[in-house]
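Spelled out from the first residue to the last, the chains are:
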Amino acid sequence: MFYYVLKYVVIGPLLRLFFRPRIEGLEHVPEDGAAIIAGNHLSFSDHFLMPAMLGRRITFLAKAEYFTGPGLKGRLTAAFFHSIGQIPVDRSGKEAGQAAIREGLKVLGRGELLGIYPEGTRSHDGRLYKGKVGVAVMAIKAQVPVVPCAMVGTFEIQPPGQTIPRIKRVTIRFGEPLDFSRYAGLENQKAAVRAVTDEIMYAILGLSGQEYVDEYAAKVKAAQAEQAGPPEKFPKLRRRRRIRAR
């Protein structure tokens, strides 16, 4: 109930008013039955914009950090994601990945829409990164279509680190459903799930027009963070000292 109040009364109208999203290819989203919506992930705003534009309810596999944050902000964020039926996913380790797949298959088993970002994390630079194979395992095992989706312009309105989004028009594109029935029974074959995942990412790329990077986003982020080194301590204090020295 709360999901639909947010969608049609609170958040949905505000998103339409401020961001005036262009919706392309909405006819490709099945009106009923199980399906996976697989999209790129450029911004925290993606969590709200795409679901608000769909006629059907969609359940996302959301990172566990959204449910475990400290303080009042953390509690409010957790309450919000719980209230709209999102599923927390621990992204660390192989067993965590298997748990996410089991939860996703439950959603599909109920004949619902499952939303997933195959990159596994937000893009930190606006490029499209290599997809993780969980989406392929679920598509093959559940024998459901995968609808590719591209968010265009959300990186510009709310890049990582920006709390309040800029007011700017965005585009949401849905592509034709991808059928992977030819891979039935091959969800445990590495070559098969990689081929399916790459086909999904290629479809997203065709819709988004992003630059593609054949590496996992999380690894690239970690490598860049390690190269940058630890953050400077007490930057404001040091700045004041320099000013006084002048």
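Worth saying up front: this structure is predicted, and the values here are computed from it rather than measured.

Novice: Before we go on, may I ask you to explain the overall build of the protein in this structure?
Specialist: Assigned secondary structure in the protein consists of nine helices and nine strands. A buried classification covers 43% of the 246 residues belonging to the protein. Partitioning the contacts of the protein with sequence separation of at least 6, the portion at a separation of at least 24 is 79%. In the structure as shown, the protein presents an accessible area of about 13,500 Å², 56% of it carried by carbon and sulfur atoms.

Novice: Any chance you could explain the pattern of salt bridges here in plain terms?
Specialist: Pairs may arise between side chains of opposite charge once their charged atoms sit close together. Per the counting criterion, the structure on display carries seven salt bridges. The partner of Glu24 in a salt bridge is Arg173, and the shortest N-O contact between them spans 2.7 Å. A residue pair is termed long-range when its members are at least 10 positions apart, and Glu24 in strand 1 (residues 22-24) and Arg173 in strand 8 (residues 171-174) qualify at 149 residues. Overall, Glu24 belongs to the partly exposed group, its relative accessible area being 34%. One salt bridge connects Arg110 with Glu112, and the closest N-O pair in it is separated by 3.1 Å.

Novice: Please clarify how helix 2 (residues 46-53) should be interpreted in this entry.
Specialist: Residue pairs spaced three or four apart in an α-helix point in one direction, given the helix's 3.6 residues per turn. With seven of eight residues buried, helix 2 lies mostly within the body of the structure. Within helix 2 the residues assigned to the buried category are Asp46, His47, Leu49, Met50, Pro51, Ala52 and Met53.

Novice: Looking at this model, I keep getting lost on the pairing of strand 5 (residues 113-116). Mind explaining?
Specialist: In regular strands, side chains alternate between the two faces of the sheet. With burial as the criterion, each face of strand 5 is covered, one bearing Leu113 and Gly115 and the other bearing Leu114 and Ile116. Here four bridges tie strand 2 (residues 35-39) to strand 5, and the two strands are oriented parallel to one another. Across the sheet, Ile37 pairs through a bridge with Gly115, a residue of strand 5. Both strand 3 (residues 58-63) and strand 5 contribute to a ladder of three bridges, which runs parallel. Note on strand 5: the bridge partner recorded for Ile58 is Leu113.

Novice: Can you walk me through the sheet that holds strand 1 in this structure?
Specialist: Hydrogen bonds along the backbone pair up the strands of a sheet, which may run parallel or antiparallel. As summarised here, the arrangement of the seven strands in space is 1-8-7-2-5-3-4, forming an open sheet in which the pairing is mixed. Where the open sheet ends on each side, the last strands, each with one partner, are strand 1 and strand 4 (87-89). The sheet shows a mean angle of 25° between the axes of neighbouring strands, direction not considered. Sitting on the sheet, helix 5 (residues 134-142) is in contact with strand 2, strand 3, strand 5 and strand 7 (146-152), with an inclination near 160° to strand 2.

Novice: How do you make sense of the side chain of Gln158 when you look at a structure like this?
Specialist: Relative to the helices and strands, Gln158 resides in the loop between helix 6 (154-157) and strand 8. Since its relative accessible area comes to 6%, Gln158 is described here as buried. There is a polar contact of 3.1 Å between the side chain of Gln158 and the backbone oxygen of Gln162. Gln158 has contacts with Leu42, Ser43, Phe44, Ser45, Thr163 and Pro165, leaving out every residue within four places of it along the chain.

Novice: Which parts of the structure should I look at to understand the nonpolar core?
Specialist: Across soluble globular proteins, nonpolar side chains have a tendency to be buried as a group. With 31 residues, the main nonpolar core has Ile36, Ala38, Leu61, Met138, Val146, Phe180 and Ile200 as its most contacted residues. Looking at this core, the elements with two or more residues in it are strand 2, strand 4, helix 4 (94-109), strand 5, helix 5 and helix 7 (190-208). Considering each element in turn, this core owes the most residues, seven residues, to helix 7. By size, the runner-up hydrophobic cluster in this structure holds 21 residues, among which are Leu15, Val29, Leu54 and Phe174.

Conventions adopted
- Residues numbered from 1 in each chain as written.
- Predicted model: local features only at pLDDT ≥ 70, side-chain atom pairs only at ≥ 80, totals over all residues.
- Heavy atoms only, no water.
- Helix = DSSP H or I, 4+ residues; strand = E, 2+ residues; numbered from the N terminus.
- Buried < 20%, exposed > 50% of the residue type's maximum accessible area, 1.4 Å probe, protein only.
- Contact = heavy atoms within 4.5 Å.
- Areas by Shrake-Rupley, 256 points an atom, 1.4 Å probe, with all protein chains shown as cover.
- Salt bridge = Lys/Arg side-chain N within 4 Å of Asp/Glu carboxyl O.
- Pairing = 2+ DSSP bridges.
- Axes fitted to C-alpha atoms, helices over the stretch in contact; angles between N-to-C directions.
- Polar contact = N/O pair within 3.5 Å; in protein donor to acceptor, adjacent residues only side chain to side chain.
- Core = buried A, V, L, I, M, F, W, Y, C linked by side-chain atoms within 4.5 Å.

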